Amino acid sequence: MKKEQDFYQRLEQKGVSRRDFMKYCTVLTATMGLSASYVPAVAEVFAAPKQRPPVIWLHFGECTGCSEGFLRSMYPWIDELLIDILDVEYHETIMAAAGHQAEENRERAVEKYAGKFICVVEGAIATKYNGAYGKIGGKTFLEIAKSVCPKAAAVISIGTCAAFGGVQAAAPNPGGYKGVSDALGIKAINIPGCPPNPVNLVGTIVNYLLLGKLPAMDNLNRPMFAYGKTIHDQCPRRSHFENDEFVEEFGSEEAKLGYCLYKLGCRGPETYNNCPIVKFHGGTSWPIQAGHPCIGCSEPDFWDKMTPFYEEM
């Protein structure tokens, strides 16, 4: 009870009321596809977690945008996630250790929590020339991934690079970059996006903590609660599409009226994601709301298949 009271007190110090937090839990519960009866249990995962699963977060070929998105999670903020909910044993971007000390921490954590930790992988893995196109501490991405991922209770590929190879795997791909599943021949949970919404990662972890299992997946191993429908199916501009009301030039009167962006190259009909529902930055906005067409960043090979971005499909 005291732990829960301390949690709400910290939220209030940040200007967040208990009511606002419960609204977030309601949205998260709905996003996860659970009934409203689960809202108190979801809130309890944050306010008074019964366990802190160890997490080893690996960085390979990426831009750290996925970590940046994760660091901007809200209700709980990143400090609550790291201190109260998750036990992040290794994360190059946020850990104090560096160099050999950091690598030793990772190896110790893998040995200590073998079979129990969640491995989050950010970035694609180089596979050509024995993985020579990417190294950390003298070891290739491929070596590190092979030594860590098979020992995890679950592997989560965060971002399109880790899920499907991303920009690193775009033609001609001299390094042979691949997503985690393809590079290692294992089954990983894919949370694609460039970057993905932190709500989708938080929702996946909450599902694991709440129900003791990972969420249902689609044929690309993406959580159905987040990637079960296309952008187009959920888009607030859908009615304009049905009425043949399109923006054909940025800055036009039609753009000001919020018409459909399909003729400017919007890939919403080809892209599965929940961006229209959860948005970004605490539900503030998302690309189409801001007037920019979807570029299909959560789909496999989107750098090759979706380009040129501003031409109608």
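Residues numbered from 1 in each chain as written. Predicted model: local features only at pLDDT ≥ 70, side-chain atom pairs only at ≥ 80, totals over all residues. Heavy atoms only, no water.

This part is about the overall build of the chain. Per the secondary structure count, the chain includes 16 helices and nine strands. In terms of C-alpha radius of gyration, the chain reaches 20 Å, essentially the compact-globule figure of 20 Å for 313 residues. Long-range pairs, those at least 24 residues apart, make up 72% of the contacts in the chain with a sequence separation of at least 6. By element, 52% of the accessible surface of the chain is carried by carbon and sulfur atoms, the whole surface being about 14,600 Å². (Helix = DSSP H or I, 4+ residues; strand = E, 2+ residues; numbered from the N terminus. Rg over C-alpha atoms; globule rule 2.2 N^0.38 Å. Contact = heavy atoms within 4.5 Å. Areas by Shrake-Rupley, 256 points an atom, 1.4 Å probe, with all protein chains shown as cover.)

Residues Phe21, Cys25, Leu28, Phe46, Leu201 and Val206 are the most contacted members of the largest nonpolar core, which totals 41 residues. Ignoring anything within four residues of it in the chain, the contact list for Val206 reads Leu28, Met32, Val42, Val45, Phe46 and Leu211. Counting residues in each nonpolar core, the second largest holds 32 residues, with Ile56, Ala102, Val110 and Ala188 among its members. (Core = buried A, V, L, I, M, F, W, Y, C linked by side-chain atoms within 4.5 Å. Buried < 20%, exposed > 50% of the residue type's maximum accessible area, 1.4 Å probe, protein only.)

Mapped onto the present numbering, the UniProt feature "binding site: [3Fe-4S] cluster" (unreviewed entry) falls on Cys275, Cys294 and Cys297. A compact arrangement is adopted by the annotated residues: their sequence extent is 23 residues, whereas the largest C-alpha distance between any two is 11.2 Å. Checking the annotated residues one by one, the ones that line the second largest pocket turn out to be Cys275, Cys294 and Cys297. Structurally, Cys275 is set in helix 15 (residues 275-278). We classify Cys275 as buried; its relative accessible area is 13%. Setting aside residues no more than four positions away along its own chain, Cys275 makes contact with Ile231, Phe280 and Trp286. For Cys297, the location among the structural elements is in the loop between helix 15 and helix 16 (302-305). Of the residues examined, Cys297 reaches a relative accessible area of 18% and is grouped as buried. In this structure Cys297 touches Thr160, Gly193, Cys194 and Phe302, once residues within four positions along its chain are discounted. (UniProt positions renumbered as here; feature names shortened; annotations may be inferred. 1 Å grid on protein atoms, 1.4 Å probe; cavity = no way out; pocket = protein on both sides within 12 Å on 5 of 7 lines; lining within 4 Å.)

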